[in-house]
There are 2 protein chains.
Amino acid sequence: MTTLSTKERILNSTENLIAEHGFAELSIRKISQQAHTNLAAINYHFGNKQQLIEHVLERRLNNLFQVREKMLHDLNQGNSAMACNLEQVLHAFIAPALYMINDRHQGGRVFMKVLARAYAEQSESLHHLLSTRYTPIIKEFAEAIHLACPELPRETIFWRFHFIIGALTYTMGDFGASSRAKQMPEHEYFNKSVEELIKFGVASLTADVNS
Amino acid sequence: MTTLSTKERILNSTENLIAEHGFAELSIRKISQQAHTNLAAINYHFGNKQQLIEHVLERRLNNLFQVREKMLHDLNQGNSAMACNLEQVLHAFIAPALYMINDRHQGGRVFMKVLARAYAEQSESLHHLLSTRYTPIIKEFAEAIHLACPELPRETIFWRFHFIIGALTYTMGDFGASSRAKQMPEHEYFNKSVEELIKFGVASLTADVNS
DNA sequence: TCGCAATTCAAACGATTGTTTTAATCGCTA
DNA sequence: TAGCGATTAAAACAATCGTTTGAATTGCGA
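Residues numbered from 1 in each chain as written. Chains lettered and ligands numbered in written order. Predicted model: local features only at pLDDT ≥ 70, side-chain atom pairs only at ≥ 80, totals over all residues. Heavy atoms only, no water.

1. Examining the protein's contact with DNA strand C
Our working definition: Each residue is tested against the molecule or strand, and it is near if at least one of its non-hydrogen atoms lies within 4 Å. As used in this structure description, the phrase polar contact means that two N or O atoms lie within 3.5 Å; if the pair is within protein, one of them must be able to donate a hydrogen and the other to accept it, and residues adjacent in sequence are counted only when both atoms belong to side chains. Basically, the charged four are Asp, Glu, Lys and Arg, the nonpolar ten are Ala, Val, Leu, Ile, Met, Phe, Trp, Tyr, Cys and Pro, and anything else, Gly included, counts as polar.
Around DNA strand C, the structure places 16 residues, and the nearest of them are A:T6, A:H45, B:I28, B:R29 and B:K49. Restricting the count to atoms of DNA strand C within 4 Å of the protein gives a sugar and phosphate share of 48%. For DNA strand C, a base nitrogen lies 2.7 Å from a polar atom in the side chain of B:R29. Partitioning the surface near DNA strand C into residue classes produces six nonpolar, seven polar and three charged.

2. Concerning the protein's contact with DNA strand D
The condition that has to hold: Here a strand is any run of E in DSSP of at least two residues, a helix any run of H or I of at least four, and the numbering for each starts at the N terminus.
What surrounds DNA strand D is a group of 17 residues, the closest being A:I28, A:R29, A:K49, B:T6 and B:H45. Here DNA strand D approaches the protein such that, of its atoms within 4 Å, sugar and phosphate make up 47%. Between DNA strand D and A:L26 there is a distance of 3.4 Å, counted from a phosphate oxygen to a backbone nitrogen or oxygen. Note that a phosphate oxygen of DNA strand D is positioned 3.2 Å from one of the side-chain N or O atoms of A:S27. The set of elements that each furnish at least two residues to the surface near DNA strand D consists of helix 2 (28–34) and helix 3 (39–46) of chain A together with helix 3 (39–46) of chain B. Across the surface near DNA strand D, the residue classes break down as six nonpolar, seven polar and four charged.

3. What to know about helix 1 (residues 6–21) of chain A
All names here are of chain A. Let me state the cut-off plainly: A helix is expected to reach a length of 1.5 Å times the quantity of its residues less one. Relative accessible area decides the class of each residue, using a 1.4 Å probe on protein chains only: under 20% of the type maximum gives buried, over 50% gives exposed, and in between gives partly exposed.
Helix length check: helix 1 (16 residues) gives 22 Å between terminal C-alpha atoms against 22 Å at 1.5 Å per residue, within 8%. When helix 1 is considered as a whole, its buried residues turn out to be R9, I10, L11, S13, T14, E15, L17, I18 and A19. Downstream of helix 1 by a residue or two, G22 has a phi angle that is positive, lying close to 85°.

4. Concerning the packing of aromatic side chains
For clarity, the cut-off: Here a Phe, Tyr or Trp ring, Trp counted by its six-membered ring, pairs with any other such ring whose centre lies within 6.5 Å, and the pair is stacked when the planes are under 30 degrees apart, edge-to-face when over 60, and tilted otherwise. A ring is scored as having a charge over it whenever the NZ atom of a lysine or the CZ atom of an arginine sits within 6 Å of its centre and within 35 degrees of its normal.
Inspection of every chain in the model, using the stated rule, returns 13 aromatic pairs over all chains. Members of the aromatic cluster, connected to one another through ring pairs, are A:F158, A:W159, A:F163, A:F200, B:F158, B:W159, B:F163 and B:F200. Between the NZ or CZ atom of A:R68 and the centre of the ring of A:F93, over which it lies, the distance is 3.8 Å.

5. Some points on the packing of helix 1 of chain A against helix 3 of chain A
Residue and element names in this part refer to chain A. Short version of the rule: Here, axes are lines fitted to C-alpha atoms. For helices the fit covers the stretch in contact, and angles between N-to-C directions go from 0 to 180 degrees. For this classification, under 35 degrees means roughly parallel, over 145 means roughly antiparallel, 65 to 115 means roughly perpendicular, and everything else is oblique. Residue contacts are counted whenever heavy atoms from the two residues lie within 4.5 Å of one another.
Across the interface, helix 1 lies against helix 3 with an axial gap of 10 Å and an inter-helix angle of 105°. The orientation of helix 1 with respect to helix 3, classified from their angle, is roughly perpendicular. For the pair formed by helix 1 and helix 3, the contact residues are T6, K7, I10 and L11 on the first element and A41, I42, H45 and F46 on the second. Here the contact of helix 1 with helix 3 is composed, by residue class, of five nonpolar, two polar and one charged.

6. As for the side chain of A:E196
In this structure, A:E196 sits in helix 10 (residues 186–206). The contacts of A:E196, once residues within four sequence positions are left out, are B:W159 and B:F163.

7. So, the side chain of B:T14
Residue placement: B:T14 occurs in helix 1 (residues 6–21). Those residues in contact with B:T14 that lie beyond four places of it in its chain are B:L26, B:I31, B:L52 and B:V56.

8. A look at the confidence of the model for chain A
Using the following cut-off: Known as pLDDT, the predictor's confidence for each residue is given on a scale from 0 to 100.
Scored by pLDDT, chain A comes out at a mean of 82, with 79% of its residues at no less than 70. Helix 9 (residues 177–181) of chain A is the least confidently modelled element of chain A, averaging 61 in pLDDT, while helix 2 of chain A averages 95, the highest of any element.

9. Regarding the environment of B:N63
Residue and element names in this part refer to chain B. Inspection of the secondary structure assignment puts N63 in helix 4 (residues 49–78). Its relative accessible area of 31% is what places N63 among the partly exposed residues. Measuring from C-alpha to C-alpha, the distance between N63 and V110 comes to 15 Å, with 47 residues separating the pair along the chain.

10. Comments concerning the pattern of salt bridges
Put simply, the rule reads: Just to be clear on terms, a salt bridge is a Lys or Arg side-chain nitrogen sitting within 4 Å of an Asp or Glu carboxyl oxygen.
One pass over the full model with this rule turns up 16 salt bridges over all chains. Residues A:E58 and A:R133 are paired through a salt bridge, measuring 2.2 Å at the closest nitrogen-oxygen approach. Pair noted here: A:E58 is in helix 4 (residues 49–78) and A:R133 is in helix 7 (residues 124–148), with a separation of 75 residues, a long-range link. Here A:E58 falls in the partly exposed class, since its relative accessible area comes to 23%. Here B:R154 and B:E143 are joined by a salt bridge, their closest N and O atoms 2.7 Å apart. One end of the pair, B:R154, is in helix 8 (residues 154–173); the other, B:E143, is in helix 7 (residues 124–148), with 11 residues separating them in the sequence. Among the charged side chains, a network of salt bridges with common partners joins A:E155, B:K192, B:E196 and B:K199.

11. A few points about helix 3 of chain A
Residue and element names in this part refer to chain A. Applicable threshold: As used here, the arc belongs to the directions running from the helix axis to the C-beta atoms.
Taken as a whole, helix 3 has its buried residues at A41, I42 and F46. Viewed end-on, helix 3 has its buried residues packed into an arc of 105°, placing them on one side of the element. For helix 3, the side-chain oxygen to backbone nitrogen distance between the N-cap and A40 is 2.9 Å, and the N-cap itself is N38. One or two residues past the end of helix 3 sits G47, with phi positive at roughly 90°.

Right, here's the structure in full:
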């Protein structure tokens, strides 16, 4: 049970507290209390509060992006001759978030709330970290979408992919609240969300384009 | 110039500070400083910090919802016999936010960032305020969409409208950052956003439905 | 088992937080 | 203009914040 290192316990507690109460109420005293460690341990291991938050984001963001890129890469291998299916591309982008959330022992579900909040918080450093990390992978997926839908103007792809990411981010942050409102088990609500989100993305990208 | 009442200056300053630096860095000392008033004036006029934040949200939210409902109502009057156009319905939902943002003398553009952050912050009281306010108008628009697209299952409408709201919310919060990244004037970027967002919503709702 | 580095701990630092108190000032009516 | 309620102002309150300090403790290689 508590075979986790102090560093890991601090990261997990930070993640939980951000997800539950947001950045505004986050304090390193609450973190150290929930992590069953000392105040100074946080500064000892992470330097300061800001760097701790960045570690929380980086830890899982790196993993999420790697999984997404691997799934997209595998897709390209399988369909080397022809452009790959649009639904598969969107699946490669959305599903890794699903896996992350369902893998409760990794605490990914909590992290997606953190991510949604980090977006909205938009403190200069956080936003810079997120945008520099996100930009390359977004370009890769936009290119894959272009191959799947060559008739779509690149600008249209840019906008609609942007909106799909928005719908995904919003849905992630909405968790708990929406599933409670619908009196549905959270994991069931999530599976439904991803399924509907992919259909939604495909629909928005394959509809007729006429101004 | 400074013909505004103390109450209004406090509300405006709060709005600006949340939009610029988020809830985490918001303090009533910064608010009173920017509003050129005294610390105690905030507690005198609004009770406490939490109630002040709620006033900031309510002030413009009420106006936004009223405009949306009026536009939807006018639409129903004009097309009483037949179901009204889907694009018009989405326009009635999205455009009021546009007007709000473009009307700089009302400071609406700033408020949309506040709204996007309030969503992500998800402190119990804020989220409760937003969801209780939002639920009725969402039901109204979902019904209008149903009339415009009677062949779409109600559940599909629910999900896709939810995603469209997500894309809208995300885009609002993204402002400034994205327009700066694209080296585009903010108002131009916004007009483009709304235009693309409506096309995006129509596309996602009118595409063929096959699981 | 000794010794040293890594880690944890309690305590205090200065700064800032939201709120309250008490006095001064304003604006309007009688 | 006198007086009174509404508003603003300065100051202090207790609480909490992030960070630092220096000593105590741990764990592991020699």
